[in-house]
Amino acid sequence: MSDIVQRRGMFGASTTGDTSGYGRLVVPQPARESTPRPYGEYFDEIADELDRSGFSDAVERVVVHRGEITFHVKRERLLELARTLRDEPALRFELLSGVSGVHYPAETGSELHAVYHLLSITHNRRIRLEVGVPDADPHVDSLVPVYPTADWHERETWDFFGIVFDGHPALTRIEMPDDWVGHPQRKDYPLGGIPVEYRGAEIPPPDERRSYS
Amino acid sequence: MTTTYDAYKAGATDDGAAEGRVFNLAGSDWDEVVEGAKDGDTDERLVVNMGPQHPSTHGVLRLILTLDGETVEKVQVGIGYLHTGIEKNMEFRTWTQGTTFCTRMDYLAPIFNETAYCLAVEKLLGVTDRIPERANVIRVLMMELNRISSHLVAIATFGLELGATTVMLNGFIEREYTLDLFEEITGLRMNMAYVRPGGVAQDLGPAAIAKLRDYLKRMPERFKQMRKLLDANPIYLARTKDIAYLDLTGCMALGITGPVLRSTGLPWDLRKSQPYCGYETYDFQVHTQESCDVYGRYLVRMAEMEESLKIVEQCVERLTKGSAKDGPVMIEDKKIGWPAQLAIGTDGMGNSPAHIGHIMGESMEALIHHFKLVTEGFRVPAGQAYAAIESPRGELAAHVVSDGGTRPFRVHFRDPSFTNLQATAAMCEGSFVADVIAAVASIDPVMGGVDR
Amino acid sequence: MGLEEKLPSGFLLTTVEQVAGWARKSSLWPATFGLACCAIEMMSAGDPRHDFSRWGMERASGSPRQADLMIVAGRVSQKMAPVLRQVYDQMSEPKWVIAMGVCASSGGMFNNYAIVQGVDHIVPVDIYLPGCPPRPEMLLDAILKLHDKIQNTKLGAQREKQVQELERAKLRQLPLLGQAGARS
């Protein structure tokens, strides 16, 4: 299971007064555990192959969920691991589908995650790599030397989340204007809508409305 | 062509263009250049800013071309002029409302955006196997129709950009007929939000099958005409053959998928290799070309449209007889299936009168349930899922993260246009400036998908 | 009648304003500012079924200097806003703007950090066209309404008077719906 934000109450009301009476309810956070072996499908073969190549210490956790496998990787070993994943004939993940960032503010010590989806056309397999980095030191090695396609994807992740990809040839903003301040898709960045007046009533932007989650 | 505040000017010093004297032009001050050219102290390289608003029909794409005469020395691509923040907006809406947002990403392929998103949500819910058969057939039907309409626009705008208005008019009128079907089935021409987590919003209307049959009768002849117009047209061949070469190695390195990849000879199509929505039960072929050029990509698209028509035919067959003839189009689970009951009214899609009668007049529980589902939405178990489908442009995938709430924690779309557009430099550098347009058009990027 | 009857046949009397308006409206050259979904519907308006060349508009101008109608078709992002304004400034007078679709008119459903909440923050808008996206027929309707507006535009001092008159009319106008709503 992935990493969960701890939630209080039932209706997510944090700014307005809680009238539901569920304010003290704490939604439990599932334990962050590795999935036990065997993983099933082709996942065991990949994990075995990674162990054989000497990456057993590079993988912090392995999560198998909904028919997908996620390797939580230490950031120091990411580049090396990606190279092996691409070049090793038994693995051969020749296509990097994309890089996406996820911001988990509640996960102290690794708030920012870079998520890589790899595709092997040779073996018709998919895996996911996930690297968590602290907000104070958001550095990950760039995968551009291994997968040139990561170029724009990493720029986008930098633009939206502020993850710095070391070794990227030109890590500049890609979607936002160059002089933009902040990284807009982080959880601590407001959605930034304006209130709208409709028939005399003012409707706040979506992020300031009452929510139910 | 327009010039704007140029963030790339500073970066322009790293190529030779800025070593000699530099002239910056914004339209009318040519005297300075003429004076400068007299000195002879000038490099012949010319940096041209193309876009973001320009006559070619591929959206707000900005290209910064460094030219040496007619030859392109360097291409830099500037994107982000259509960044809409859709991914962030989806975090503030319920799971079902998300379809309304993601359908507006790649606006030529709205059904694909919705389906990728819904498949990911269904994966997280663990209900992939419980989607009704009829819903899956309708999804496939809609996707293939959408593939046809998208490829038609690709070919039409491509013709327009090369200067052939006839191609554009032909492509767009056929697209109109496809959009008529969309309108008949979903109530909308574009941005339908028709595919929802759990199935599709509503069943086909009474006239849909007859219209589909008419369409199936009409289109093969029309495709033949388009092929007659283009396949061996000497001008078209001159503009497309051996232009924008990108081989398999390049495609792999740059993560290219879709028709561009298939024009290198690799029959990689997610509908065949990692089937979804029951594609493994349909009879169709994956067409490839070996030429790695613009013409090859055109032929792949043309062949794909013909294959799509075959699939549409099979869908119509299944929708009229067999196990998918009738039955629900939304998952039976009442906790997920929203919209519960929809119908097409004169002003588009909305709640059906029968459903309103039921919740308002007959059942208090139904009313409460309806209220909860509409205001709060359903909860999706925590975790993350990645669902990839074959969109007209390549692998379109949704990476969906849930924290167990009624709204997505994060949604990211891996859009094929975004990835494929990176190949522009690889395709164009060293070619003529006129071929840049052909190269970009053969990638068929949709800026709504690129910038999201 | 008066003067008309004494004229030889084939003559038509009108005002300079009407002639100017007629000339202007009869061949609007749009600077197609295609941005998003609406751009596709705008192109559809040029297809054989809708065919806006019926109003002398088929020359969709890529160059703003040879255009007098800007159809802002789609959502305008913060990054695009300065470009849009520059293109507008490059167009020669007289010029008109249609905000096509809700995103261009008011920001629409994208009420967030990235999108300008209505293109009227950047350029003056003549016609707001709702819809997401509007059908090509709706765009044609907007264009015809704009034709009306152009036809009846006055010149010189009359124009100033007309602007003031319109301004006063707007201030006197009663709201379509009870705007008091929830707050009253």
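All of the points below concern the structure found in this document. Quick caveat: nothing in here was measured; it's all calculated off a predicted structure.

Brief notes about the interface of chain C and chain B
1) Next: The partner chain B presents 42 residues to the 36 residues of chain C that form the contact.
2) Next: Surface buried jointly by chain C and chain B totals about 3,400 Å² across both partners, of which 59% is contributed by carbon and sulfur atoms.
3) Next: Summed over the shared surface of chain C and chain B, the result is 4 salt bridges.
4) Next: Taking the shortest distance from any N to any O, the salt bridge between arginine 49 of chain C and aspartate 180 of chain B comes out at 2.9 Å.
5) Next: Linking chain C with chain B are 12 residue pairs in polar contact (both at pLDDT 80 or more), by the criterion used here.
6) Next: Examining the composition of the side of chain C that touches chain B, we find that 5 residues originate from one element, helix α3 (residues 37-44) of chain C, more than from any other.

Some points on the sheet that holds strand β3 (residues 96-100) of chain C
Residues and elements named next belong to chain C.
1) Next: A sheet is described by the order of its strands in space; here 4 strands give the open sequence β1-β2-β3-β4, paired in parallel fashion. Two strands close off the open sheet at either side, each with one partner strand: β1 (30-34) and β4 (127-129). When the angles between neighbouring strand axes are averaged without regard to direction, this sheet yields 15°.
2) Next: One ladder, built from 5 bridges, connects β1 with strand β2 (residues 69-73); its direction is parallel. Looking across to β2, one finds that threonine 32 is bridged to isoleucine 71.

Side note on the interface of chain A and chain B
1) Next: The interface is formed by 59 residues belonging to chain A together with 58 residues belonging to chain B.
2) Next: Buried area between chain A and chain B, summed over both chains or domains, comes out near 4,700 Å², and the portion from carbon and sulfur atoms is 54%.
3) Next: Put simply, chain A and chain B have 4 salt bridges between them.
4) Next: When the shortest N-O distance is used, the salt bridge between lysine 123 of chain B and glutamate 68 of chain A registers 2.5 Å.
5) Next: Applying the counting criterion to the chain A and chain B interface returns 25 residue pairs in polar contact (both at pLDDT 80 or more).
6) Next: Counting residues per element, the ones that place at least two in the side of chain A that touches chain B are β4 (68-73), β5 (95-103), β6 (112-120), β7 (125-133) and α3 (150-161) of chain A.
7) Next: In terms of residue count, the dominant contributor to the side of chain A that touches chain B is β5 of chain A (9 residues).
8) Next: Classifying every residue of the side of chain A that touches chain B gives 27 nonpolar, 15 polar and 17 charged.

A look at the pattern of salt bridges
Residue and element names in this part refer to chain B.
1) Next: Counted by the stated rule, this structure contains 49 salt bridges over all chains.
2) Next: Among the ionic pairs, arginine 139 bridges to glutamate 122, the shortest N-O distance being 2.7 Å. Of this pair, arginine 139 sits in helix α6 (residues 133-161) while glutamate 122 sits in helix α5 (residues 110-125), and the two are 17 residues apart along the sequence.
3) Next: Look at arginine 139 and you get buried, because its relative accessible area is 0%.

Observations concerning the side chain of glutamate 395 of chain B
1) Next: Looking at where glutamate 395 of chain B falls in the secondary structure, it is placed in strand β9 (residues 394-402).
2) Next: In this structure glutamate 395 of chain B comes out as buried when scored by relative accessible area, which is 0%.

With respect to the packing of aromatic side chains
1) Next: Following the criterion strictly, the structure yields 11 aromatic pairs over all chains and no others.
2) Next: Ring centres of tyrosine 42 of chain A and phenylalanine 43 of chain A lie 4.8 Å apart, and the angle between their planes is 75°; this geometry places the pair in the edge-to-face category. Across the pair, exposure class does not vary: tyrosine 42 of chain A and phenylalanine 43 of chain A are buried alike.
3) Next: By the ring-pair criterion, three or more aromatic residues cluster together here, those being Phe158, Tyr236, Tyr295 and Tyr298 of chain B.
4) Next: When the ring centre of phenylalanine 284 of chain B is taken as reference, the NZ or CZ atom of lysine 272 of chain B above it lies at 4.2 Å.

So, how was this worked out
- Residues numbered from 1 in each chain as written.
- Chains lettered and ligands numbered in written order.
- Predicted model: local features only at pLDDT ≥ 70, side-chain atom pairs only at ≥ 80, totals over all residues.
- Heavy atoms only, no water.
- Contact = heavy atoms within 4.5 Å.
- Buried area = accessible area lost by both parts, 1.4 Å probe.
- Salt bridge = Lys/Arg side-chain N within 4 Å of Asp/Glu carboxyl O.
- Polar contact = N/O pair within 3.5 Å; in protein donor to acceptor, adjacent residues only side chain to side chain.
- Helix = DSSP H or I, 4+ residues; strand = E, 2+ residues; numbered from the N terminus.
- Pairing = 2+ DSSP bridges.
- Axes fitted to C-alpha atoms, helices over the stretch in contact; angles between N-to-C directions.
- Nonpolar A, V, L, I, M, F, W, Y, C, P; charged D, E, K, R; others polar.
- Buried < 20%, exposed > 50% of the residue type's maximum accessible area, 1.4 Å probe, protein only.
- Phe/Tyr/Trp six-rings, centres within 6.5 Å; stacked < 30°, edge-to-face > 60°.
- Lys NZ or Arg CZ within 6 Å of the ring centre and 35° of its normal.

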